[in-house]
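Read off the chains here:
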Amino acid sequence: MSPAAAAILLALLAVRAVEIAAALLNLRHLRPEIPAEMEGVYDREAYERSQEYARATTRAGLVRQGVDLAALCAFWFGGGFQALDELARAWGGGPVLAGLIFLGALLLLSTLLSLPFAVHGTFVLEARFGFNRTTPRTFVLDRLKGLALALALGGPLLAAVLAIFAHAGRSAWLLCWAAVAAYTLVVQFVAPTWIMPLFHTFTPLPAGELRERIERYAASVRFSLENVFLMDGSRRSSRSNAFFTGFGRHRRIALFDTLVAQLAPGELVAVLAHEVGHYVRRHVLKGTLLSIAHTGAMLWAFSLVSGRQWLYEAFLVERASVHAGLVLFGILLAPAEAVLGVALAAWSRRNEYEADRFAAETTGAPGEMVAALKKLSVQNLSNLTPHPLLVALRYSHPPLLERIAAIRAVGNA
Ligand SMILES: [Zn+2]
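Report follows, based on the coordinates. As the structure is a prediction and not an experimental result, all values here were calculated from the model.

Structural notes on the pairing of strand 4 (residues 252-256)
Part 1 of the argument: Counting buried positions along strand 4 gives five out of five residues, so the element sits mostly inside the fold.
Part 2 of the argument: Burial along strand 4 is two-sided: Arg 252, Ala 254 and Phe 256 and Ile 253 and Leu 255, pointing in opposite directions, are all buried.
Part 3 of the argument: Across four bridges, strand 2 (residues 228-231) lies against strand 4 in parallel orientation. Looking at strand 4, one finds that Phe 229 is bridged to Ala 254.
Part 4 of the argument: In the sheet, strand 3 (residues 242-245) pairs with strand 4 via four bridges, with the strands oriented antiparallel.

Structure below.
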């Protein structure tokens, strides 16, 4: 093993060790007694079920992470990257075709590896806790559509990146960045109206008290009701949620039908107000710009190491190439990405507080937001007492009790 390989492997193991520690600490952090805030919302039995759910998902997550790491090591030290590179070059079609074959094969392998976990997660784990409503047919169709979409959208972009790096010389990373940034913006822009309807059905809110109340609220903050939709989340899961996505005229708020079935109209207005808060504070747009900046930094760093022999040696690959370089650089960078992920999760939690605050202030009814969050948390069996390390690593939303405390603070101010 080369010194670079040893360093990369050590860094990967260190990241895994922190993740495992967070998962185990989180299990020990589960408390048998119901927090005072949730007395009367959770009954004893449901509360125990939420903890059992946390244990079951943690166990499944640990197995998955272990298998992923073992598979990567087996492929790496078994000479998989070199074998695949030879196979891709054997077609004799130049750097772009070889790259597409190489990357396509890796995508296929990782999809196959993740498939048993997806099946288990949906049809065993989620089903055991009463969440799953996905039929095998929907499951298979979702996967096929996802793969077709990845090929149709990712294929041409990848071909462009490979061609630019093969021919554009020193400024290749800059050209690639421009191409990827433009592409990301266009795809994000049309995704809510062109891509998401491939998976879900969006319908306008039906007439009635809810629509009237939402209309009144939306008008008060100048958000168009034309951008509010009901989504058939119940076709896949009994979980309830809402989200805001897109920007410009394609922006939309989706309320899951499961959410509408569970919350009172006032609570739904509060949830909608939270999503409008994400829009008003431009969280989606900022997130997209952040991701574009991130891509630029990655491409620049890639341009610095893509020709270095030590990178290929570390992964037992004989010849340097853009396609192998991209993948190996991705593995090399994974620990740094994990650190960045912590910062991004913190940013996302800050956005959630901002959207909650917006909802509490503009509806003037923080109590409705608190009531909605409590109901959602029971319905989704959220862990009420996650360990702070796990929150820091992974939570895109603040833990429920902290969110409620923050909303109460707005209400009293
Ligand atoms: Zn939110």
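Describing the coordination of the zinc ion
Part 1 of the argument: Taken together, His 274 (NE2), His 278 (NE2), Glu 352 (OE) and Glu 352 (OE) make up the full set of protein donors to the zinc ion, lying 2.0 to 2.8 Å away.
Part 2 of the argument: Taken together, the four donor atoms coordinating the zinc ion and their angles of 51 to 136 degrees define a geometry best described as irregular.
Part 3 of the argument: Read in sequence order, the donor residues coordinating the zinc ion give the pattern H-x3-H-x73-E. Of this pair, His 274 and His 278 both sit in helix 9 (residues 265-280), four residues apart, roughly one helical turn. Both residues of the pair, His 274 and His 278, belong to the buried class.

Some remarks on the environment of Phe 81
Part 1 of the argument: Here Phe 81 is to be found in helix 3 (residues 80-89).
Part 2 of the argument: Overall, the relative accessible area of 3% leaves Phe 81 in the buried class.
Part 3 of the argument: For the pair Phe 81 and Phe 102, spaced 21 residues apart in sequence, the C-alpha to C-alpha distance is 8.9 Å.
Part 4 of the argument: With sequence-adjacent residues up to four places away left out, Phe 81 is seen in contact with Leu 72, Phe 75, Trp 76, Phe 102, Leu 106, Phe 315, Val 317, Val 327, Leu 328 and Ile 331.

Digging into the pattern of salt bridges
Part 1 of the argument: One pass over the full model with this rule turns up 17 salt bridges.
Part 2 of the argument: One salt bridge in this structure joins Arg 350 and Glu 354, with 3.7 Å as the shortest N-O distance. With Arg 350 and Glu 354 both in helix 12 (residues 322-363) and four residues apart, this pair spans about one turn of that helix.
Part 3 of the argument: Classification of Arg 350 as partly exposed rests on a relative accessible area of 44%.
Part 4 of the argument: Residue classification places Glu 354 among the partly exposed residues on the basis of a relative accessible area of 22%.
Part 5 of the argument: Members of the salt-bridge network, linked through shared partners, are Glu 52, Arg 55, Arg 59 and Arg 128.

Comments concerning the nonpolar core
Part 1 of the argument: Counting 53 residues, the largest nonpolar core has Tyr 42, Ile 214, Leu 255, Leu 259 and Leu 272 as its most contacted members.
Part 2 of the argument: A total of seven residues in this core trace back to one element, the largest contributor, which is helix 9.
Part 3 of the argument: Each residue touching Leu 259, except ones within four places of it in the same chain, is listed here: Ser 240, Asn 241, Ala 242, Leu 268, Val 271 and Leu 376.
Part 4 of the argument: By size, the runner-up hydrophobic cluster in this structure holds 22 residues, among which are Leu 9, Ala 88, Leu 162 and Ala 314.

Let's talk about the environment of Arg 251
Part 1 of the argument: Within the fold, Arg 251 resides in the loop between strand 3 and strand 4.
Part 2 of the argument: With 33 residues separating them along the chain, Arg 251 and Val 284 place their C-alpha atoms 9.6 Å apart.
Part 3 of the argument: Apart from residues lying up to four places away in sequence, Arg 251 is in contact with Phe 223, Asn 227, Phe 244, Thr 245, Gly 246 and Tyr 279.
Part 4 of the argument: At 3.4 Å, the side chain of Arg 251 forms a polar contact with the side chain of Tyr 279.

A closer look at the packing of aromatic side chains
Part 1 of the argument: Considering all chains together, one arrives at 16 aromatic pairs under this definition.
Part 2 of the argument: On the basis of an interplanar angle of 70 degrees and a centroid distance of 5.4 Å, the ring pair of Tyr 42 and Tyr 47 is categorised as edge-to-face.
Part 3 of the argument: Exposure remark for Tyr 42: the relative accessible area of 3% places this residue in the buried category.
Part 4 of the argument: Seen in terms of ring centroids, Phe 223 and Tyr 279 are 5.2 Å apart; in terms of plane orientation they differ by 75 degrees. Their pairing is edge-to-face. In this pair, Phe 223 sits in the loop between helix 7 (209-220) and strand 2 while Tyr 279 sits in helix 9, placing the two residues 56 residues apart along the sequence.
Part 5 of the argument: A relative accessible area of 3% means that Phe 223 is categorised as buried.
Part 6 of the argument: Residue classification places Tyr 279 among the partly exposed positions, given a relative accessible area of 26%.
Part 7 of the argument: By the ring-pair criterion, three or more aromatic residues cluster together here, those being Phe 75, Trp 76, Phe 77, Phe 81 and Phe 315.
Part 8 of the argument: Over the aromatic face of Phe 202 sits the side chain of Arg 252, whose NZ or CZ is 4.9 Å from the ring centroid.
Part 9 of the argument: Over the ring of Phe 229 we find Arg 252, and its NZ or CZ is 4.0 Å from the ring centre.

Some details on helix 13 (residues 366-379)
Part 1 of the argument: Between the first and last C-alpha of helix 13 there are 20 Å, a value that for 14 residues agrees with the 20 Å anticipated at 1.5 Å per step.
Part 2 of the argument: The complete set of buried residues in helix 13 reads Pro 366, Met 369, Val 370, Ala 372, Leu 373, Lys 374, Leu 376 and Ser 377.

With respect to a nonpolar patch on the surface
Part 1 of the argument: A grouping of Leu 108, Leu 112, Leu 115 and Val 119 is seen on the molecular surface, where their side chains present a nonpolar patch of about 330 Å² in accessible area.
Part 2 of the argument: With respect to the helices, strands and loops of the structure, Leu 115 is situated in helix 4 (residues 94-128).

Definitions and limits used
Residues numbered from 1 in each chain as written. Predicted model: local features only at pLDDT ≥ 70, side-chain atom pairs only at ≥ 80, totals over all residues. Heavy atoms only, no water. Buried < 20%, exposed > 50% of the residue type's maximum accessible area, 1.4 Å probe, protein only. Helix = DSSP H or I, 4+ residues; strand = E, 2+ residues; numbered from the N terminus. Pairing = 2+ DSSP bridges. Donors = N, O, S within 2.8 Å, 3.2 Å for Na, K, Ca; no water. Tetrahedral: all angles 85-135°; square planar, octahedral: opposite > 155°, others 65-115°. Contact = heavy atoms within 4.5 Å. Salt bridge = Lys/Arg side-chain N within 4 Å of Asp/Glu carboxyl O. Core = buried A, V, L, I, M, F, W, Y, C linked by side-chain atoms within 4.5 Å. Polar contact = N/O pair within 3.5 Å; in protein donor to acceptor, adjacent residues only side chain to side chain. Phe/Tyr/Trp six-rings, centres within 6.5 Å; stacked < 30°, edge-to-face > 60°. Lys NZ or Arg CZ within 6 Å of the ring centre and 35° of its normal. Expected span 1.5 Å × (residues − 1). Patch = residues over 30% accessible without salt bridge, like charges linked within 9 Å, V, L, I, M, F, W, Y side chains within 5 Å. Areas by Shrake-Rupley, 256 points an atom, 1.4 Å probe, with all protein chains shown as cover.

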